[in-house]
Amino acid sequence: MPDAPRARPSAVAVRLTAPRGAHRIWLQCAHVRCGLDLAMLIRPRTRHLLLLLALAVGCKTDGTVSPDGGDEGGVVDEGGDASGGEGGAIDPEAIASEVGEALEQEPTGPREREKPADPQTRDAALVAVAHGNPDGAIKFLVEHLESNANDHEARFALARGQRLVGQLDEADKTLSALHKSAKDAKVKAEALRRLAQLRFARGDIKGAEQHIRDARKLAPDEILLAGELVRLMFLTGRAQEREARELIDQLYASYSDGTAQSAEDLLGTAYAGLAERAFKSSSRVLQEAERAAPASAGSEIGDEISMELTELFLEKYKPGEAGETLAQVLARDPWNPEALAKMGWVFLDQFKLAAASRAAEESLQVNPENADAHAVLAWVALIEGHREVARAHIVDHVVNVNPSHHGGQIVLAALAIFDRDTRGYAKARDAVLAFNPRDGRFFSQLSDLLGYLHLYPEADAVLVEGAKILPKDPYVLGALGLSKLRLGDEAAGREALDKAWKKDKYNARTLNVRQLYSERIEPHYAERVEKDLTLRLPAEFQDMLAPGYVTAITRAREALDKGYGIKISPLRIEMYADPDEFSIRTVGVPSLGAVGVCFGAVITSIGPYSGTHNFNQVIWHEIAHSYAIELSAGRVPRWFTEGLSEWESEVADPSWARESAELLFEARRHDKLRKLSELELAFLRAESPLMMEVAYATAAWAMRYLGETYGRPKIVALLKGYATGKSTDELFKQILGKDLATVEADFSAWFDSELDRKLSGFRPSQDKPDDPRTKALMKALEVAGAGELDEAQKLLEDLIAAQGDGFHARSTLAAVLDQKGDEKGAIKQYEKAASFALESLAPFMAIAKIAREQKDVALEIDQLEKILAIDAMSLEPPLRMIILAAATGDKRLEAAVDRANAIAPLHPVALAASALIAKRNKAKKQDITAMLDEVMVTALRPDATLDVVVMAAIAAEEIGDPRVKDLAPRALQSQELPEPARKKLKKHAP
């Protein structure tokens, strides 16, 4: 279950390739900054645009800071502010939240098809059938053929149109009539070939094969017909029969000697390659065929080629290339139902459920009975927890058309497994294998679907069975390898992947995972075993970092063991340095877009090596998933387990909560919040990081409500209830004593109340531009922008007295007072502003800025402490706090170091502070030296930023490291260095 990454400051992650990896990570980050320019660096969604506008009116600037960190790039002497400049016109529209604009851009549903005008001529009808108007073409061509019965081109076009709109019986009649009436043997053979396609679409493989054999009698030299027969024999597990082998040799020869030239011929030879599993050459030949009959031309053979090439890309886990191929068809015919349905499968492969559903629904606007589109919708419905909806799609629209439909029977098999219906599963499996006894993709794709449902042991059992039935099938073996790895059996997993590789060297997942192990994991990672806990992390950092990880993980396990009454043992956690390494280890392909995934007793994650996330929060979140999966037998809804993990991490440390009130407030204002009963859709239909954040935040609030209202024992009971297969509504009635609708209403009332508590007072809204208070605020901003600060102050004070009191009015008044030199008054107003926006960092950032300008270290540390209490994900505040606390002897140093170590333990500032604390705690000298040596790799460089130099010098001075003599002169150049540290370092300067 992936933990979505939260919005972060910019920091460039790099591969660990050198033995001294820590300094490489941080030196290659583009001016990683730790200074007080926090508005640029703390998560963007925590910023308040109006405050920044107010500051931009004309805050004092005693230095200029560019976004890249300036020459020094350090924490101590950057002298910048969060303002972004002086003066400038104020855009009234800027009061509208950036969040609101993004929410309004969120797509909602499928396009509505506008039926084009019916064609009035034969030529227009032939164009229409390939350009989005097959029903209009049918209407004209039926009448046209009544008086032009020998127009074979028109009859083929009519059959094509009938197939596209789902009139399979009518298409069969049209082609049968053509076969009967045509005099030309090639025309009759082509009619039979297309009749075979109709039989195939209905699962009648014997009828399809008979049509092809009859066609070959009429046109024995047609390369495409030979290829079609090979394809059918391959799909029914007979590719090794003598007849198939002879045809394959003939097809290869036709390509080698140049006989195969046309698009039709090339498609036929490609079928030979596919039967041989020669995927690279098949892809090349199909692309040659595609060039011979480009999708833009609109020929039927061109679309066949595009569909075959798409299927090949999907088969090899290359959905991007598959989508590009289909895009060419859809560029010509945006309403091609077959291409739209296939695009639905592409989106499913990318786990873009909203896009998959949208494509399928658009397909059904043209062909309401498109079996592939209904199968896509069934997959989506099943993943979203709507099992009966999924079943209805398959039973009513798929297997009634094609009893052997691959995607449809997979849904029925998954439903049976969810319901623990062994007979139902066997029935679905046997229906597929009756069509193709060697269909290994049934097992591999079923395991993928079960993985989406969190049924990881069940998926593994399916693949074990598949390997017994088809012991040499590369799809089964490849999927089995990944499954074993996800369940922690690395020996069995790698063995299965090696076997799969020998049979198929073009499966992207198999290739990626094998390369990951041989090129990255084996040479660069190591395992550490602590009782029943196994950690995998970069070998070069193991001794330095593993003890801290073990402590954090043990603390989480002990708390959760107690809370849930079970123990997840053994537990395996893998922490990768590179996002693509993590992604490939997790799903077999790069670019997963998460920071952690739980498979039960195995957790994979991106480690805290580049300052991108708080690892302690992530690992607590993921470990909590293990308990939910175990107690629910994997049947817990996604919203419940994600919200539960968010809540559990929040209980562990309130600063780990997503500071989401402003986002949810805007989502509510734009009517983008999902009800409790719709929260599963919030996750699965999110099409942007922003809406995924809304989903996580809403689920977290929902589980916070359930936990605080009913208690953890009830949550445990709900999880156990999910294991029985019961629905949320059934379980709420049984365990909470209320139905879902009642709990939903109670939660909504509580939710609204909490949002209004966290964001109180007057808040300007773009929805109410004529509100006198909004106009007054804008006027005050304009006056302040013109430098009339006294008038601006009066306007703001009048606004506050006239029911305009709130975060924006107070923040702007504070900025005006600060500009006037009234720092005490500004601080008072910022503190008042904070009371209206309980999750906002902006007031504390602004006070910290004032404190910095006044060299009031204690006040600045106070504000940084408040920032850390709200925002646990940003690195810069704890780094700044570390330097100030270390320089002044403040007792809050350890808290700042703990936070920095959770985010970036290898950052030189954090590492130096860790060495300092280790010295104070009388740790082993060799451990202290190792940490300080790593720091010095960066600190002694001439391009080291001043923050690193200062902290390294402070640590070296107290530890007694002679290198303080090199660092002290540079550290003393800081004009902001607190006096206690300055006195100590002066002793070591020449």
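Everything quoted here is computed from the prediction, not taken from an experiment.

Colleague: Please give an account of the overall build of the protein chain that cites residues and values.
Modeller: What the protein chain contains, in helices and strands, is 50 helices and five strands. The buried share among the 990 residues of the protein chain stands at 61%. Within the protein chain, contacts between residues separated by at least 24 positions form 65% of all contacts whose residues are at least 6 apart in sequence. Only carbon and sulfur atoms are counted for the fraction: they give 51% of the accessible area of the protein chain, which is about 38500 Å².

Colleague: So, unusual backbone geometry: which residues are in play, and what are the values?
Modeller: Pro-570 follows Ser-569 through a cis peptide bond whose omega is -5 degrees. On the secondary structure map, Pro-570 appears in the loop between α28 (542–564) and β3 (571–576). With phi around 60 degrees, Arg-420 is a residue other than glycine that occupies positive phi space. Residue class for Arg-420 comes out partly exposed when judged on its relative accessible area of 48%. Look at Lys-531: it is not a glycine, yet its phi comes out positive at around 55 degrees. Note on placement: Lys-531 falls in the loop between β1 (525–530) and β2 (533–538). We classify Lys-531 as exposed; its relative accessible area is 84%.

Colleague: How would you sum up the packing of helix α11 (residues 223–235) against helix α13 (residues 263–275)? Please name residues and give values.
Modeller: Put simply, α11 and α13 touch, their axes get as near as 7 Å, and they point 25 degrees apart. Put simply, α11 runs roughly parallel to α13. Read as a crossing pair, α11 and α13 show a hand that is left-handed. Only Glu-264, Asp-265, Leu-267, Gly-268, Thr-269, Tyr-271, Ala-272, Leu-274 and Ala-275 of α13 make contact with α11, whose side of the interface consists of Ile-223, Leu-224, Gly-227, Glu-228, Val-230, Arg-231 and Phe-234. Classifying every residue of the contact of α11 with α13 by side-chain character gives nine nonpolar, three polar and four charged.

Colleague: Can you lay out the packing of aromatic side chains for me, pointing to particular residues and giving the numbers?
Modeller: The description of an aromatic ring pair rests on the distance of the ring centres and on the angle between the ring planes. Applying the stated criterion to the full structure yields 19 aromatic pairs. Taking the centre distance of 5.4 Å and the plane angle of 70 degrees together, the rings of Trp-639 and Phe-640 count as edge-to-face. Note on Trp-639: relative accessible area 5%, which makes it buried. Residue Phe-640 is classed as buried on the basis of its relative accessible area of 0%.

Colleague: Can you explain the side chain of Arg-332? Please cite residues and give values.
Modeller: Note that Arg-332 resides in helix α16 (residues 319–332). Judged by its relative accessible area of 9%, Arg-332 falls in the buried class. A distance of 2.6 Å separates a polar atom in the side chain of Arg-332 from the backbone oxygen of Ala-295.

Colleague: I'd like a rundown of the packing of helix α21 (residues 406–418) against helix α23 (residues 440–452), residues and numbers included.
Modeller: It is at 10 Å that the axes of α21 and α23 come closest, and there the two elements cross at 55 degrees. The angle between α21 and α23 falls in the class oblique. Pair α21 / α23 crosses with right-handed handedness. Between α21 and α23, the residues in contact are His-406, Gln-409, Ile-410, Val-411, Ala-413, Ala-414 and Ile-417 and Arg-441, Phe-442, Gln-445, Leu-446, Leu-449 and Leu-450, respectively. When the residues that make up the contact of α21 with α23 are grouped by side-chain class, the tally is nine nonpolar, three polar and one charged.

Colleague: Residue-level account of the sheet that holds strand β4 (residues 596–598), with values.
Modeller: As summarised here, the arrangement of the five strands in space is β1-β2-β3-β5-β4, forming an open sheet in which the pairing is mixed. Two strands close off the open sheet at either side, each with one partner strand: β1 and β4. The sheet shows a mean angle of 15 degrees between the axes of neighbouring strands, direction not considered.

Colleague: Explain the environment of Ile-882 to me, using residue names and the numbers behind them.
Modeller: Position of Ile-882 relative to the elements: it lies in helix α44 (residues 876–888). Assessed through its relative accessible area of 0%, Ile-882 is described here as buried. Residues Ile-882 and Ala-910, spaced 28 residues apart in sequence, show a C-alpha to C-alpha distance of 7.6 Å. Beyond its immediate sequence surroundings of up to four residues, Ile-882 is in contact with Leu-893, Ala-896, Val-897, Ala-900, Val-909, Ala-910, Ala-913 and Met-951.

Colleague: Got a sec to walk through the pairing of β3? Specific residues and values, please.
Modeller: For β3, the tally of buried residues reaches six of six residues, placing the bulk of the element in the interior. Every second residue of β3 is oriented toward a common face, with Leu-571, Ile-573 and Met-575 on one face and Arg-572, Glu-574 and Tyr-576 on the other, all of them buried. Pairing geometry for β2 and β3, over four bridges, is parallel. Across the sheet, residue Leu-535 finds its bridge partner in β3, namely Ile-573. As a crossover connection, the stretch from β2 through α28 into β3 is left-handed. Note that β3 and strand β5 (residues 602–606) share five bridges and pair parallel. Paired with Glu-574 across the bridge in β5 is Thr-604.

Colleague: Residues and numbers for the nonpolar core, please.
Modeller: Considering soluble globular proteins, one finds that nonpolar side chains tend to be buried as a cluster. Counting residues in hydrophobic clusters, the biggest one holds 195 residues, and the most contacted among them are Leu-446, Ile-573, Ile-623, Trp-639, Phe-640 and Leu-706. Per-element tally for this core: the top contributor is helix α34 (residues 689–710), with twelve residues. For Phe-640, the contacting residues outside a window of four places in its chain are Met-703, Leu-706, Ile-715, Leu-718, Leu-719 and Tyr-722. Ala-944, Val-949, Ala-956 and Leu-985 belong to the second largest nonpolar core, which has 60 residues in total.

Colleague: Any details on the pattern of salt bridges? Residues and values, ideally.
Modeller: According to the stated counting rule, one finds 83 salt bridges in the structure shown. In this structure, Glu-853 and Lys-849 form a salt bridge, with 2.8 Å as the shortest nitrogen-oxygen distance. One end of the pair, Glu-853, and the other, Lys-849, are both in helix α42 (residues 842–853), four residues apart, so they sit about a helical turn from each other. Here Glu-958 and Arg-920 are joined by a salt bridge, their closest N and O atoms 2.8 Å apart. With a gap of 38 residues between them, Glu-958 in helix α48 (residues 946–959) and Arg-920 in helix α46 (residues 908–920) connect regions that are remote in the sequence.

Colleague: I'd like a rundown of helix α49 (residues 964–971), residues and numbers included.
Modeller: Among the residues of α49, Val-964, Leu-967, Ala-968 and Ala-971 are the ones counted as buried. For α49, the buried positions fall inside an angular range of 110 degrees around the axis, keeping them on one side.

Colleague: Hey, could you go over helix α9 (residues 185–201) for me, with residue numbers and the actual values?
Modeller: Compared with the 24 Å implied by 1.5 Å per residue over 17 residues, the 25 Å span of α9 between its first and last C-alpha is a close match. Of the residues making up α9, those classed as buried are Val-187, Lys-188, Ala-189, Glu-190, Ala-191, Leu-192, Arg-193, Arg-194, Leu-195, Ala-196 and Leu-198. Where α9 starts, the residue carrying a side-chain oxygen 2.7 Å from the main-chain nitrogen of Lys-186 turns out to be Asp-184. Looking at the residues trailing α9, positive phi occurs at Gly-203, about 80 degrees.

Colleague: Now, about the UniProt feature "repeat: TPR" (unreviewed entry) in the protein chain: what can you tell me, with residues and values included?
Modeller: When the UniProt feature table is mapped to this numbering, "repeat: TPR" (unreviewed entry) covers residues 189–222. The span residues 189–222 is 79% helix and 0% strand, and its two end C-alpha atoms sit 9 Å from each other.

Colleague: Tell me about the pairing of β5, and name the residues and values.
Modeller: Looking along a regular strand, one sees side chains alternate from face to face of the sheet. Of all five residues that make up β5, five are buried, and the element is covered over most of its length. Because side chains alternate across β5, one face comprises the buried residues Val-602, Thr-604 and Ile-606, and the other comprises Ile-603 and Ser-605, equally buried. Bridge count for β4 against β5 is three bridges, and the pairing is antiparallel. From the neighbouring strand, Val-597 faces β5, where its bridge partner is Thr-604. Counting the residues between successive antiparallel strands, the hairpin from β4 to β5 contains three residues, one of them, Gly-600, with a positive phi of roughly 110 degrees.

Colleague: Explain the environment of His-454 residue by residue, including any values.
Modeller: Here His-454 is to be found in the loop between α23 and α24 (456–469). On the basis of relative accessibility, which here comes to 4%, the residue His-454 falls in the buried class. Through-space distance from the C-alpha of His-454 to that of Gly-634 is 5.1 Å; in sequence the pair is 180 residues apart. For His-454, the side chain forms a polar contact with the side chain of Arg-638, separated by 3.2 Å.

Colleague: Which residues make up the environment of Glu-957, and what are the values?
Modeller: Along the chain, Glu-957 turns up in helix α48. Linking Glu-957 and Leu-985, residues 28 residues apart in sequence, is a C-alpha distance of 7.1 Å. Discounting chain neighbours no more than four positions away, the residues touching Glu-957 are Val-964, Lys-984, Leu-985 and His-988.

Colleague: Go over the side chain of Asn-367 with me, naming the residues and quoting the values.
Modeller: Summarising the element assignment, Asn-367 is placed in the loop between α18 (353–366) and α19 (371–383). Among the residues examined, Asn-367 registers a relative accessible area of 5% and is labelled buried. When residues no more than four places from it in sequence are discounted, the contact partners of Asn-367 are Arg-163, Leu-164, Val-165, Gly-166 and Pro-337.

Calculation notes
Residues numbered from 1 in each chain as written. Predicted model: local features only at pLDDT ≥ 70, side-chain atom pairs only at ≥ 80, totals over all residues. Heavy atoms only, no water. Helix = DSSP H or I, 4+ residues; strand = E, 2+ residues; numbered from the N terminus. Buried < 20%, exposed > 50% of the residue type's maximum accessible area, 1.4 Å probe, protein only. Contact = heavy atoms within 4.5 Å. Areas by Shrake-Rupley, 256 points an atom, 1.4 Å probe, with all protein chains shown as cover. Axes fitted to C-alpha atoms, helices over the stretch in contact; angles between N-to-C directions. Parallel < 35°, antiparallel > 145°, perpendicular 65-115°, else oblique. Left-handed = near helix turned anticlockwise from the far one by under 90°. Nonpolar A, V, L, I, M, F, W, Y, C, P; charged D, E, K, R; others polar. Phe/Tyr/Trp six-rings, centres within 6.5 Å; stacked < 30°, edge-to-face > 60°. Polar contact = N/O pair within 3.5 Å; in protein donor to acceptor, adjacent residues only side chain to side chain. Pairing = 2+ DSSP bridges. Right-handed = clockwise from strand over helix to strand, strands pointing away. Core = buried A, V, L, I, M, F, W, Y, C linked by side-chain atoms within 4.5 Å. Salt bridge = Lys/Arg side-chain N within 4 Å of Asp/Glu carboxyl O. Arc of directions from axis to C-beta. Expected span 1.5 Å × (residues − 1). UniProt positions renumbered as here; feature names shortened; annotations may be inferred.

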